[in-house]
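Chain and residue survey
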Amino acid sequence: MRSGPLQYVFSAVFIVQMYLAMAVMALAYAPLALIRRDGAQRAIHAYTGWVLWTARWMLGLRTEVRGPVPEGEVLICSKHQSFLDIIMIVNATPAPKFIMKSVLRYAPFLGWYAMRIGCVPVDRGRRAEAIRQMMAGVTDGTSPPGQLIIFPQGTRVAPGVHAPYKVGAAVLYHELNQPCVPAATNVGVFWPRRGLLRKPGLAVLEFLDPIQPGLDRHHFMKKLEAEVETRSDALMREGGFDPYGLPHDDRGA
C-alpha cells in the first residue's frame with residue numbers, strides 16, 4: 001500500500017484527471033443534456049462512476065453504499081464531509097437534485113448541469129430569505145421529480161468537528177410531507193474537505209431508515225441529528241478515526 005509522498009503524488013494526479021474528465025464528459029454529453037433532462041442525469045451518473053472507479057485504482061480508495069437506496073419522491077438529509085459524499089449520493093440515486101449554494105450556479109460545467117437536473121440554488125446569507133428561496137425553488141413546479149438532497153448542517157463538516165443542524169431540513173420535511181431518509185458517512189476520513197491528500201481505505205455512505213411524515217419540527221430535528229451523527233461516528237470509527245479522540249489533521253480547517 002502506498003504511503004507518504006507517493007500518495008500525495010497519486011492524489012495530485014487523481015485530482016487533475018478528475019477535473020479534466022469533468023470538462024470532457026460535460027462537453028460530450030451537452031447536446032443530449034440540452035435536449036433532455038434525463039440526458040443530464042446520464043452525464044452525471046457517468047461522471048461520478050468514473051470518479052469512483054479511478055479513486056479505487058489510483059488511490060486505493062474504495063467506496064460502498066449501504067442501506068436501501070431511496071427512489072421516487074423523497075427527501076434525503078445527509079451528513080456532508082467532502083465532495084466525495086456528493087459523488088456517492090449522485091451515483092447511487094436515480095434522479096438526484098440538491099439544495100445548493102447559489103454561487104455554484106456559476107461554476108464551470110457543474111453549475112449548468114446542476115440547474116439542468118433540478119438543483120435549487122439558495123443564498124445562504126439571511127436565513128429567512130434563504131428559506132423563502134428554497135421553498136420557492138422546490139414548489140414552483142419547474143423542478144423535475146426525484147430525490148431532493150439537503151445537507152442539514154449547511155456545509156462540509158470535518159470529522160470530529162461539531163456543527164449545528166439548521167432549520168431548512170425541518171422546513172422541507174414539514175412542507176413537502178414526504179418521507180425523509182437520513183444518510184450517514186465517513187468519507188471525510190479519507191477525502192478531506194480541504195487539502196490535497198486522498199487516503200486509501202473504505203469510504204461508506206449509508207442510507208438509514210426513513211423518518212415518516214408527521215413529526216413536529218423540534219422532534220424531527222432531534223431525531224435526524226441523533227441518527228445521522230450516531231451512525232456517522234460509528235462509520236468513522238470503522239474507518240480508523242475516533243471522532244472523540246485525538247484531533248484529526250483536518251479538524252477545524
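Residues numbered from 1 in each chain as written. Predicted model: local features only at pLDDT ≥ 70, side-chain atom pairs only at ≥ 80, totals over all residues. Heavy atoms only, no water.

**Thoughts on the overall build of the protein chain**
Along the protein chain, the regular secondary structure elements total seven helices and seven strands. Taken from the N to the C terminus, the helices and strands of the protein chain come in the order α-α-β-β-α-β-α-β-α-β-α-β-β-α. For the protein chain, the C-alpha radius of gyration of 18 Å lies close to 18 Å, the compact-globule estimate for 253 residues. Summarising its shape, the C-alpha atoms of the protein chain cover approximately 50 × 50 × 35 Å along the three principal directions. For the protein chain, the proportion of its 253 residues judged to be buried stands at 50%. Pairs at least 24 apart in sequence give 75% of the contacts found in the protein chain among residues at least 6 apart. Approximately 12100 Å² of the protein chain is accessible, and the part contributed by carbon and sulfur atoms is 61%. In the protein chain, 28 positive and 20 negative side-chain charges are present, and the distance between their average locations comes to 6 Å. (Helix = DSSP H or I, 4+ residues; strand = E, 2+ residues; numbered from the N terminus. Rg over C-alpha atoms; globule rule 2.2 N^0.38 Å. Buried < 20%, exposed > 50% of the residue type's maximum accessible area, 1.4 Å probe, protein only. Contact = heavy atoms within 4.5 Å. Areas by Shrake-Rupley, 256 points an atom, 1.4 Å probe, with all protein chains shown as cover. Lys, Arg positive; Asp, Glu negative; His and termini not counted. Charge placed at Lys NZ, Arg CZ, Asp CG, Glu CD.)

**Quick word on the pattern of salt bridges**
A full pass over the atoms with the stated rule returns seven salt bridges. For Lys-79, the salt bridge identified is with Glu-229, shortest N-O distance 2.9 Å. In this pair, Lys-79 sits in the loop between strand E2 (74-78) and helix H3 (83-92) while Glu-229 sits in helix H7 (residues 217-238), placing the two residues 150 residues apart along the sequence. The buried category is assigned to Lys-79, whose relative accessible area is 2%. A relative accessible area of 17% places Glu-229 in the buried class. Where Arg-217 meets Glu-175, a salt bridge forms, and the shortest distance between an N and an O atom there is 3.9 Å. One end of the pair, Arg-217, is in helix H7; the other, Glu-175, is in helix H6 (residues 168-176), and 42 residues separate them in sequence. (Salt bridge = Lys/Arg side-chain N within 4 Å of Asp/Glu carboxyl O.)

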